[in-house]
Amino acid sequence: MIELSRAAYDDIVYHAYGGGEAEICGVLAGTHGDDGEPSVVTDTYQAENVAETPQIRYLIDPEEQFELIEAIEDDGLDVVGFYHSHPTGPTHPSETDAARATWPGHSYVICALDGYPFVGSWRWRGDDEGFEQETVSVRSER
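Counting restarts for each chain, with residues numbered from 1 along the sequence as it is written. In keeping with the predicted nature of the model, local features appear solely for residues at pLDDT of at least 70, side-chain atom pairs appear and are counted solely at 80 or more, and the whole-chain, interface and lining totals rest on all residues. For the side-chain quantities, the full set of heavy atoms in the structure was used; hydrogens and water were omitted.

Here we look at the overall build of the chain
Here comes step 1: A run of DSSP states H or I qualifies as a helix once it reaches four residues; a run of E qualifies as a strand once it reaches two. Both are numbered from the N-terminal end. If you tally the helices and strands in the chain, you get 3 helices and 8 strands.
Here comes step 2: In sequence order, the secondary structure elements of the chain are arranged as β-α-β-β-α-β-α-β-β-β-β.
Here comes step 3: For the chain, the spread of C-alpha atoms along the three principal axes comes to 35 × 35 × 30 Å.
Here comes step 4: Burial status follows relative accessibility: with a 1.4 Å probe on protein chains alone, a residue under 20% of its type maximum counts as buried, one over 50% as exposed, and anything between as partly exposed. Here the chain holds 142 residues, and the buried ones make up 48% of them.
Here comes step 5: Pairs at least 24 apart in sequence give 62% of the contacts found in the chain among residues at least 6 apart.
Here comes step 6: Within the structure as shown, the chain displays about 7,700 Å² of accessible surface, and the carbon and sulfur contribution to it stands at 45%. Between two residues, a contact is recorded if the distance between any of their heavy atoms is within 4.5 Å. Residue-level accessible areas treat just the shown protein chains as cover; the underlying method is Shrake-Rupley with a 1.4 Å probe.

Structure follows, in structure tokens:
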């Protein structure tokens, strides 16, 4: 299970809308849950999509990803996972998403914009096990 703060959820959706026809991407930060505990996302860190075909792919520059991870750790947070958009579908990870996933046990959130925005999450279990869909909940700020 993954819990998104209302602010993090809104950031992902607005970032996706702002990307137009190109996929957007970023890193999720908060508390990484293990052993059945939910991950809690409190912050998002936007990244530039440097893919050659950003309309159908996303790629975070490795140097920028390293800098974002350092910033997250400097802020006292864990890397929970990553997010990106699918401007015209599907609502689940693509074969390319699975081929490029490299953080076992971490969440990959997708914001699909084909109609009403759909935000789903899948935890990467590794090459042999693939993605496992997880429940997404949005926490109101207190």
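Regarding the sheet that holds strand β2 (residues 25–31)
Here comes step 1: Taken in spatial order, the 8 strands of this open sheet run β7-β6-β5-β4-β2-β3-β1-β8, and their pairing is mixed. Each having just a single partner strand, β7 (131–134) and β8 (136–139) make up the two edges of the open sheet. Pairs of neighbouring strands in the sheet enclose a mean axial angle of 35°, with direction left out of account.
Here comes step 2: The angle between two axes is taken between their N-to-C directions and runs from 0 to 180 degrees, where each axis is a line fitted to C-alpha atoms and a helix contributes only its stretch in contact. The strands touched by helix α1 (residues 6–18) within the sheet are β1 (2–5), β2, β3 (39–47), β4 (78–86), β5 (107–112), β6 (118–124) and β8, with β3 carrying the most contacts at an inclination of about 35°.
Here comes step 3: Packing of helix α2 (residues 62–74) onto the sheet brings it into contact with β2, β3 and β4, and relative to β3 it is tilted by some 135°. We treat two strands as partners when DSSP finds at least two bridges between them.

With respect to the packing of aromatic side chains
Here comes step 1: Aromatic pairing here means that ring centres of Phe, Tyr or Trp (its six-membered ring) are within 6.5 Å. Orientation follows from the plane angle: under 30 degrees is stacked, over 60 is edge-to-face, and everything else is tilted. Scanning the entire structure with this criterion turns up 4 aromatic pairs.
Here comes step 2: Between Phe82 and Trp103 the ring centres are 5.3 Å apart and the planes differ by 75°, which places this aromatic pair in the edge-to-face class. A residue pair is termed long-range when its members are at least 10 positions apart, and Phe82 in strand β4 and Trp103 in the loop between α3 (95–100) and β5 qualify at 21 residues.
Here comes step 3: The buried category is assigned to Phe82, whose relative accessible area is 4%.

Some words on the pattern of salt bridges
Here comes step 1: Salt-bridge detection follows one rule: a side-chain nitrogen of Lys or Arg within 4 Å of a carboxyl oxygen of Asp or Glu. In this structure the tally under the stated criterion is 4 salt bridges.
Here comes step 2: Notably, a salt bridge pairs Asp10 with Arg6, separated by 3.2 Å at the nearest N-O pair. Taken as a pair, Asp10 and Arg6 lie in helix α1 at a separation of 4 residues, close to a single helical turn.
Here comes step 3: For Asp10, a relative accessible area of 22% corresponds to the partly exposed category.
Here comes step 4: Its relative accessible area of 37% is what places Arg6 among the partly exposed residues.

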